[in-house]
Amino acid sequence: MRTILAPVMGNVLEWYDFAVYAFVAGLIAKNFFPSSDPATALLASFAVFGVGFVARPLGSIVIGRIGDTRGRKAALLLTVYMMAAGTLLLAILPTYASAGIIAPALLVLARLLQGFSAGGEWSGAISFIVEWAPERRRGLYGSLHMVGVVGGLLLGSGVAAVLNSLLTPEEMLQWGWRMPFIIGCVIGPFALWMRRSIDETPAFEQAAALQERPIPMLQDGAGFKLAVKACGMSVLSNVSFYILLFYMPTWVTSNLQVTASEALWANTVGLLLLAVLTPVFGQISDLIGRKTVLMFSCVFALLASYPAFNHLVSLTPATLKDLLLVQCVFSVILAAIAGGLPTTLVEMFPTRNRTTWMSIGYGVSVTLFGGFAPFVAVWLIQKFETPIAPVYYLMGGALLSGIVTLFARETAFAKLK
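Residues numbered from 1 in each chain as written. Predicted model: local features only at pLDDT ≥ 70, side-chain atom pairs only at ≥ 80, totals over all residues. Heavy atoms only, no water.

### Observations regarding helix α7 (residues 102-132)
Step number 1: Between its first and last C-alpha atoms α7 spans 45 Å; for 31 residues at 1.5 Å apiece the expected length is 45 Å, and the two agree.
Step number 2: Along α7, the helix axis deviates most sharply at E121, where the bend reaches about 30 degrees.
Step number 3: Among the 31 residues that make up α7, 23 are buried, leaving the element largely enclosed by the rest of the structure. (Helix = DSSP H or I, 4+ residues; strand = E, 2+ residues; numbered from the N terminus. Expected span 1.5 Å × (residues − 1). Bend = angle between axes of the 7 residues up to and from the residue. Buried < 20%, exposed > 50% of the residue type's maximum accessible area, 1.4 Å probe, protein only.)

Here is the structure:
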């Protein structure tokens, strides 16, 4: 349990650093992309948010390969160092007013560092946890990884909500937007200390003792096919997370006439419920299988997304109570995904090539469907001239993942390969 909790807590701090950008994206837009058109500036800000995901496939390959050749622990330590470097740069960046075009260029560099780190973090951490887990409780233990991810988002959303409640809009614009990144720099060394204290997984040590070296990537056709399947199964996960959690506060304030503080507090409550429900669905997946849980998430997303968005739009201006109700519905969808998908992906791949191909499959899915999801959402609203347009992207993701999952094999009751 100590060995599992260490990467989970490190995961909280890693994903706080990566995610907090989205919660102050509107302020970053004004500081780094001055424009007479606020929508254009916001598009530029979310485009830079998406740039962090461009680096994820490369980070997936490099750090994932390190996880398979040097060990899961070595990969997890590297991700902490790189994420901390990107967060420090964000905390001290000059604005466009003081540095001109250099400012957005450095902003892009910081996001590239964080994206490279995140590319190896997701698969490295979940592989580490599931490889340590008891055989019939892999779903429950694997879901703790997503609790760590959600914990990082919760911490980021909570910090942004507190700052927006305590500071005036002018103070947030001038210097308050830097505070979440400064906090990340302060707590980063704690994540490093926790990960330095953990032991390598028994599965990796057994493979190393048997001298089962990773198959060269260009010769591993089976690994490539599994990565494509993992990519398809992960579409809804990435679309829903980055639309419903990262972009939602911005969408609410831009379209529902509510304050940034109310939007962030509603998001924070939704994240808290998600953190509570995720292990529940993880445990359910151990009992009835991963596919059943994942198919539930796809069907529920298809049926509930449009009514939920339409309900909020019809009530404009929406109240905090309305926001909380819809966030709770979304939390059930997200918890079913978070409770079933991570462990499923680990179980699909053999130990000797697990972090390499899982990183690539999931990383490509994040880049194609998740990282630019806020950008796509803003573009869809402008294209169709309706604030409900992002729901079409969400429903498309549910349909695609549902089809791939339907034809995938059940992995819950088999031993790790």
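The structure having been displayed, the exposition proceeds.
### Some thoughts on the confidence of the model for the protein
Step number 1: On average, residues of the protein score 87 in pLDDT, and 98% of them are at 70 or above.
Step number 2: The least confident element of the protein, judged by mean pLDDT, is helix α3 (residues 38-54) at 75; the most confident is helix α19 (residues 390-406) at 95. (pLDDT = per-residue confidence, 0-100.)

### Focus on the nonpolar core
Step number 1: Core analysis: the biggest nonpolar cluster contains 108 residues, and L107, F181, F241, Y242, W251 and F309 have the highest contact counts within it.
Step number 2: With sequence-adjacent residues up to four places away left out, W251 is seen in contact with L256, F309, L312, V313, I381, P387 and P390. (Core = buried A, V, L, I, M, F, W, Y, C linked by side-chain atoms within 4.5 Å. Contact = heavy atoms within 4.5 Å.)

### Looking at the packing of aromatic side chains
Step number 1: For the coordinates displayed, the defined rule picks out ten aromatic pairs.
Step number 2: Relative to Y362, the ring of W122 has its centre 3.8 Å away and its plane inclined at 10 degrees; by these criteria the two rings are stacked. Of this pair, W122 sits in helix α7 while Y362 is found in helix α17 (residues 354-370), placing the two residues 240 residues apart along the sequence.
Step number 3: The class for W122 is buried, based on a relative accessible area of 4%.
Step number 4: When the ring centre of Y21 is taken as origin, the NZ or CZ atom of R111, which lies over that ring, is 4.9 Å away. (Phe/Tyr/Trp six-rings, centres within 6.5 Å; stacked < 30°, edge-to-face > 60°. Lys NZ or Arg CZ within 6 Å of the ring centre and 35° of its normal.)

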